[in-house]
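What the coordinates show
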Amino acid sequence: MVIEETRRKRLDRGIKVRTESLYALSTWREMAYMILPRLTLILGLFILPLVLSMYWQRVLCSAGIYALLALGFDFLAEYVGLVCLGGALFIGSGGYISGILNAYLDWPPMLTIPIATLGGSVISTLILLPCLRLRGIYFAIVSFMLPLLAVYIIIALNVFGGTEGISALDTFPNIWVEQYIILGAVIFSLFAIRRLVNKDIGLIFRGIMDNDQAVKASGINITSYKTKAVFIASIIGCFGGAYLSHLYSWLGISLFAMDFSIVPIAASVMGGMGTLVGPVVGAFILTPMSEALRGFGQLRVVLYCLILIGFIVYKPEGLMNYLQRKYHQFEYWERV
Amino acid sequence: MGDEGLLQVRDISKSFGGVKAVKDVSLSLIKGEILGIIGPNGSGKTTLVNLITGFVKPDAGEVLFKDRKITGLQAHKIANLGITRTFQIMRPYHSLSAFKNLIVPLNSPRVRRTTGGRLGDRDAVAMDILEEIGFERDAYVPYKTASSLPLGYLKRLELARCIAMRPEIIICDEIFSGLSMAEIATMVPVLEKLEMEGITIMMIEHRLRELFRLVNRVIVMNFGEVLAEGIPREVMERQDVREAYLGTEVDSVRD
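Heads up: these notes are all about the structure in this document. (Residues numbered from 1 in each chain as written. Chains lettered and ligands numbered in written order. Predicted model: local features only at pLDDT ≥ 70, side-chain atom pairs only at ≥ 80, totals over all residues. Heavy atoms only, no water.)

**A few points about the pattern of salt bridges**
All names here are of chain A. Basically, it comes down to this: Whenever Lys or Arg places a side-chain nitrogen within 4 Å of a carboxyl oxygen from Asp or Glu, that contact is recorded as a salt bridge. Numbering of helices and strands runs from the N terminus; a helix is a DSSP stretch of H or I covering at least four residues, while a strand is a stretch of E covering at least two. Relative accessible area decides the class of each residue, using a 1.4 Å probe on protein chains only: under 20% of the type maximum gives buried, over 50% gives exposed, and in between gives partly exposed.
The tally for this structure, following the rule as stated, stands at 22 salt bridges over all chains. In this structure, the salt-bridge partner of arginine 7 is glutamate 334, at a minimum N-O distance of 3.0 Å. Placement of arginine 7 in strand β1 (residues 6-12) and of glutamate 334 in strand β4 (residues 329-335) is noted, with a sequence separation of 327 residues between them. Residue class for arginine 7 comes out partly exposed when judged on its relative accessible area of 45%.

This is how it looks when you write it as structure tokens:
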């Protein structure tokens, strides 16, 4: 018997090659090829609040916060080479600053959120600054420990409400503002970061990831660029934190909870590392899923983990890497 | 500053653990020359480059550039003064296309300063540099990602990254190793052109035949020390140099 051996080949679609350079767009079909996936995401996110019930609308808001963190995580990990588990640090510093300004000085959220976003990211960047010399897993470990440090400082000194936290902060005027602020922020940061990674500064970031010694030899101060990258990621994260304290009308040490550091990784793994949009999509799937599994009580975590492990085993590239490949390439079996 | 000694190395030493990688090495690089540095494996040539360019801090001694002490400066600051280097083990930015690799040096403070911020289209500048160094534009080589480029192009990319810095000194760390004769033949005119433009070049090389076509002066290193210095042909005639390279027995057998 003759065994025919075949192998799978993948080829880029012609339309993908043509649309890679913006100037080549000539037909409606090519424009649609470019625009449709982006439009689906934007419209999809903006329509969601209209069709969801009150409960799920709140879930959507917290999913948005995780999406911001996941985006920052993916940017730092895949485009700068810093595996940063400091999500809790960003949420905590942003949340505490806006909450404190609101509770003690009675400033409105319109003012506290921008201030907390900037102030929080300056503080978290300064805290992470000494660790920037570390590479790979060492940076990850230290950035993971820092939020715990903040928790113990707050407990030990019993400041800012201590373990109780501060409640009855100002909330947003209504649920629509609440949702569209975070969804707008997610969309805006996603497209901003996508642009940034292809600009000159983004290329330098990617150079640092690929080979920091060579970047040094090109006369570029890698520490200052790493600082800039961390600052960008912490702006995104601290906005999430500032928003969160007003969303729940409360601040406390659980703003430094480990969830904020870990869920973004899970979302990135599920959504597809390095795609930027993947982690966002992953966060919008994982957070509602975790809510939906609430009915299973303690088994919830087990199911959650099973789904994640399933993804790592069967689709290690992640959702968006898979979908993008299907969209951009066609496959066929070739006889060897 | 006279014509002599654009770069001066004075009694520089470095040990790693118990190994003295570089021992009291002194040398000077004259403006406009191509200086060759040769020596057997492990003789401290690459460490010397790392010491000059600030990637490794010396235990003793100093490096002067235009009579100004540059030892102790950070590597990126030394690069911005105009002393650039290639890496023996190539360090391309794998995920970027070849011409995007040059965007990094084109964004350095040095280039911004020397062009007064009017460099124009960086992509075009990068493309020109690559084309000059032998990346065939018609074959779309500059657009390929660095991870897919063969060795010959990666070596050239290392040099291109130095050229993009608009340097005064280029230190080439074994830029010919692993290349075919044909590939070297395309590199030699590039280096000659750089010399004509007044760029001082220091070449560390194992491919002696090709090196001697380019250099006017050569320094031989052995066990971290300078063994000999002079015109290539004369230096290679010396008994101690031949011994360092070939060993004593081989030499005596041939005689």
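**Quick look at the nonpolar core**
Residues and elements named next belong to chain A. The condition that has to hold: Definition used in this section: a nonpolar core is a set of buried Ala, Val, Leu, Ile, Met, Phe, Trp, Tyr and Cys residues joined via side-chain atoms within 4.5 Å. Working rule for contacts: check all heavy atoms of both residues, and any pair within 4.5 Å makes them a contact.
Membership of the largest hydrophobic core comes to 96 residues, with the highest contact counts inside it found for Phe75, Leu76, Leu128, Val215, Leu276 and Phe284. Counting residues per element, this core draws most heavily on helix α3 (residues 54-80), at 14 residues. Among residues more than four places away in sequence, those in contact with leucine 276 are Leu71, Asp74, Phe75, Tyr79, Leu190, Ile193, Arg194 and Val197.

**Comments concerning the side chain of B:Lys45**
Residues and elements named next belong to chain B. Put simply, the rule reads: Only four residue types enter the tally: Lys and Arg on the positive side, Asp and Glu on the negative side, with His and both chain ends excluded. Pairs of N or O atoms are called polar contacts if they sit within 3.5 Å, as long as, within protein, a hydrogen donor faces a hydrogen acceptor (for residues adjacent in sequence, only side-chain-to-side-chain pairs).
Position of lysine 45 among the secondary structure elements: in helix α1 (residues 45-52). Here lysine 45 occupies a buried position and makes no salt bridge, while the nearest side chain of opposite charge, glutamate 174, is found at 4.5 Å. Here proline 40 takes part through its backbone oxygen, which lies 3.3 Å from a polar atom of the side chain of lysine 45. Excluding residues within four positions of it along the chain, lysine 45 makes contact with Ile37, Ile38, Gly39, Pro40, Glu174, Ile204, His206 and Met221.

**Let's talk about the packing of aromatic side chains**
Pairs of aromatic rings are described using the distance from one ring centre to the other and the angle between the two planes. For clarity, the cut-off: We call Phe, Tyr and Trp rings a pair once their centres come within 6.5 Å, taking the six-membered ring for Trp, and we label the pair stacked below 30 degrees between planes, edge-to-face above 60, and tilted otherwise. Criterion for a charge above a ring: Lys NZ or Arg CZ within 6 Å of the ring centre, and within 35 degrees of the ring normal.
Under the definition given, this model contains 14 aromatic pairs over all chains. With a centroid separation of 6.0 Å and an interplanar angle of 50°, the aromatic rings of B:Tyr140 and B:Tyr143 are classed as tilted. We classify B:Tyr143 as partly exposed; its relative accessible area is 42%. Taken together, A:Phe75, A:Phe205 and A:Tyr225 form an aromatic cluster joined through their ring pairs. One Lys or Arg, A:Lys228, reaches over the ring of A:Tyr225 and ends 4.1 Å from the middle of that ring.

**Section: the pairing of strand β1 (residues 7-16) of chain B**
All names here are of chain B. Formally: Pairs of strands are assigned from DSSP output, requiring at least two bridges between the strands.
Bridge analysis of β1 against strand β2 (residues 19-29) gives 7 bridges, and the strand direction is antiparallel. Counterpart to isoleucine 12 in the pairing with β2 is valine 25. Looking at chain direction, β1 and strand β4 (residues 60-65) are connected through 5 bridges and run antiparallel. Residue pairing for β4: glutamine 8 is matched across the bridge by leucine 64.

**A look at α1(B)**
Residues and elements named next belong to chain B. α1 sits mainly inside the fold: 7 of its 8 residues count as buried. All of the buried residues in α1 are Lys45, Thr47, Leu48, Val49, Asn50, Leu51 and Ile52. In the segment just after α1, glycine 54 is the residue with positive phi, at about 85°.

**Some details on the interface of chain A and chain B**
As a reminder of what qualifies: The term buried area denotes the loss of accessible surface (1.4 Å probe radius) that occurs when two parts are joined, taken as the sum for both partners.
Opposite the 18 residues of chain A that make contact, chain B presents 24 residues. For the chain A and chain B pair, buried surface summed over both sides reaches about 1,800 Å², with 61% attributable to carbon and sulfur atoms. For the interface between chain A and chain B, the tally reads 1 salt bridge. Between B:Arg122 and A:Asp200 there is a salt bridge, and its shortest N-O distance comes to 2.7 Å. Secondary-structure elements contributing two or more residues to the side of chain A that touches chain B are α8 (200-210) and α9 (212-217) of chain A. The greatest single-element share of the side of chain A that touches chain B, amounting to 7 residues, is contributed by α8(A).

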